[in-house]
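In case you want the letters, here they are:
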Amino acid sequence: MKKDKITIQGLEVFARHGVYPEENTLGQKFLINARLYTDTRKAGQTDCLEDSVNYGEVCLHMTEFMKNNTFRLLERAAERLAEELLLTWPSLESVDLEIQKPWAPIGLPLQTVSVDISRAWHTAYIALGSNMGDRQGYLNQAVRALNEHLHCRVIRVSDYLVTAPYGGVEQEDFLNGALELRTLLLPEELLCLLHTVEQDAHRERLIRWGPRTLDLDILLYDQLIFDSPDLHIPHVEMHLRDFVLAPLAQIAPYVRHPLTGQTVEQMLASLS
């Protein structure tokens, strides 16, 4: 199903971006093309501007942003502007953004150079666990840290469930939960953030499946299938762990595993 979009084409801005000092001083013309993906259904029914994204305000905001900031690279300008739009207009799901730099000063005949990027909000599901010290305090600390991060919004949090330890290591019972996260971070960036939050809770990785103050795992990220040496999405053992599926089923019972097609509720039932 195609997404609704609002298109802005050829917005002219005089700004000071470039590698050369004179570009940052004298300035030059830039052209901005933007496609704003948002649900226009309500605005189409009510005919009210308040139910849509006001493209006039978006154009003014982009103009002021480009004028009030200076970046060496077009890549940086595009990245920051896309982020600014997504953070300022909550109803935006994603943006396609192109910044053109006509007659870039490279000493050769060149009509224009541009950077064209796509950025979006993503939905991730995170498992939380703790079996040392103030277990509930550590889980609450993690939820708070994620929600306070500029590029994250915590949407739902499950109950915290007491569960038996997994993996055969003798230790205290765990307190486990799950949360739904809306984020602008890419998977490996999100993993880095989770590791930082764990470190702030004094997490030590000494024994596999051993006791820990805080354990945070990415279970799902949109419908992405992703494998790297440090990260696997979906989580490779989520379908085998009732302590993961039980809290996840509270907040996302009908979300499907991208490989098996089973819902969280179905995976939990199969373990029972």
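Further up the page is the structure itself.
Quick look at the structure, then. Note that this is a predicted model, so its numbers are computed, not measured.

**Brief notes about the layout of surface pockets**
Here is step 1: Of the voids in this model, the second largest pocket is the one considered here, and its volume is about 310 Å³.
Here is step 2: In this structure, the second largest pocket is lined by 13 residues; those nearest its centre are E79, R119, L184, L185 and E189.
Here is step 3: Of all the secondary-structure elements, those providing two or more residues to the lining of the second largest pocket are α4 (74-88) and β4 (112-120).
Here is step 4: The leading source of residues in the lining of the second largest pocket is α4, at four residues.
Here is step 5: In terms of residue class, the lining of the second largest pocket is built from six nonpolar, three polar and four charged.

**Here's the deal with the pairing of strand β8 (residues 174-183)**
Here is step 1: With nine of ten residues buried, β8 is to be regarded as a mostly interior element.
Here is step 2: Sheet topology note: the strand β5 (residues 122-130)/β8 ladder contains nine bridges and is antiparallel. Bridging across to β8, G129 finds its partner in N176.
Here is step 3: Pairing of strand β6 (residues 152-157) with β8, which is carried by five bridges, proceeds in the antiparallel orientation. Along β8, the bridge assignment pairs R153 with R182.
Here is step 4: Looking at chain direction, strand β7 (residues 161-163) and β8 are connected through three bridges and run antiparallel. Pairing of V162 across the sheet is with L175, part of β8.

**Remarks on the environment of V58**
Here is step 1: Here V58 is to be found in helix α3 (residues 55-68).
Here is step 2: In this structure the C-alpha to C-alpha distance between V58 and A269, which are 211 residues apart in sequence, comes to 47 Å.
Here is step 3: Setting aside its immediate chain neighbours within four residues, V58 contacts I8, L36, V53, L85 and W89.

So, how was this worked out
- Residues numbered from 1 in each chain as written.
- Predicted model: local features only at pLDDT ≥ 70, side-chain atom pairs only at ≥ 80, totals over all residues.
- Heavy atoms only, no water.
- 1 Å grid on protein atoms, 1.4 Å probe; cavity = no way out; pocket = protein on both sides within 12 Å on 5 of 7 lines; lining within 4 Å.
- Points joined across faces, edges and corners; volume = space filled by probe spheres on them.
- Helix = DSSP H or I, 4+ residues; strand = E, 2+ residues; numbered from the N terminus.
- Nonpolar A, V, L, I, M, F, W, Y, C, P; charged D, E, K, R; others polar.
- Buried < 20%, exposed > 50% of the residue type's maximum accessible area, 1.4 Å probe, protein only.
- Pairing = 2+ DSSP bridges.
- Contact = heavy atoms within 4.5 Å.

None of the figures reported here should be taken as evidence of function without further support.
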